[in-house]
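Structural overview
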Amino acid sequence: MMVATFANHYGAMIFKKKVGTGCILRPVPRALSSSCGTCAFFEGPFKEEYMNENLEAVYEVQGEKYNKIYEN
């Protein structure tokens, strides 16, 4: 499972549209920070075509921990 954070809600909506049905928008977990408070949970892998200018970071979920794999 992967989680992406965004600078604004619009960026999260664009991301969800690019990823498709395997993407769910949810509130950002407390362990992570986000400018807009919305994140996208999706099944990996993270692909370059998912990126947009509002993407802040992408994390791989490992149990209760988040391993950052991309930062904009």
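Residues numbered from 1 in each chain as written. Predicted model: local features only at pLDDT ≥ 70, side-chain atom pairs only at ≥ 80, totals over all residues. Heavy atoms only, no water.

1. Observations regarding the overall build of the protein
Here is the rule: Comment: elements are numbered from the N terminus, with helices defined as DSSP H or I runs of at least four residues and strands as E runs of at least two. With C-alpha atoms as the basis for the radius of gyration, the globule rule is written as 2.2 Å multiplied by the number of residues raised to the power 0.38. Using a 1.4 Å probe on the protein chains alone, a residue whose accessible area is under 20% of its type maximum counts as buried, one over 50% counts as exposed, and one in between counts as partly exposed. Residues scored as charged are limited to Lys and Arg (positive) and Asp and Glu (negative), so that His and the chain ends carry no count. For this purpose, a charge sits on NZ of Lys, CZ of Arg, CG of Asp or CD of Glu.
Secondary structure assignment for the protein yields one helix and five strands. Computed over C-alpha atoms, the radius of gyration of the protein comes to 11 Å, within 12% of the 11 Å expected from 2.2 N^0.38 for 72 residues, which places it in the range of a compact globule. The principal-axis extents of the C-alpha atoms in the protein amount to approximately 25 × 25 × 20 Å. Every one of the 72 residues in the protein was classed for burial, and the buried ones make up 39%. Of the side chains in the protein, 8 bear a positive and 8 a negative charge, and the two mean positions are spaced by 6 Å.

2. Here's the deal with the side chain of threonine 38
Worth spelling out the cut-off: We call two N or O atoms a polar contact when they sit within 3.5 Å, provided that within protein one can donate a hydrogen and the other can accept it, with sequence-adjacent residues counted only if both atoms are side-chain atoms. In what follows, residue pairs with any heavy atoms lying within 4.5 Å of each other are defined as contacts.
Note on placement: threonine 38 falls in strand 3 (residues 38-42). Looking at threonine 38, its side chain comes within polar contact range of the side chain of histidine 9, at 3.2 Å. Each residue touching threonine 38, except ones within four places of it in the same chain, is listed here: Phe6, His9, Ala12, Leu25, Arg26 and Val28.

3. As for the pattern of salt bridges
In plain terms, the rule: Salt bridge, as used here, is a side-chain nitrogen of Lys or Arg placed within 4 Å of a carboxyl oxygen of Asp or Glu.
For the structure shown, the criterion picks out one salt bridge. Where glutamate 71 meets lysine 68, a salt bridge forms, and the shortest distance between an N and an O atom there is 3.4 Å. Looking at lysine 68, the relative accessible area reads 39%, which means it is partly exposed.

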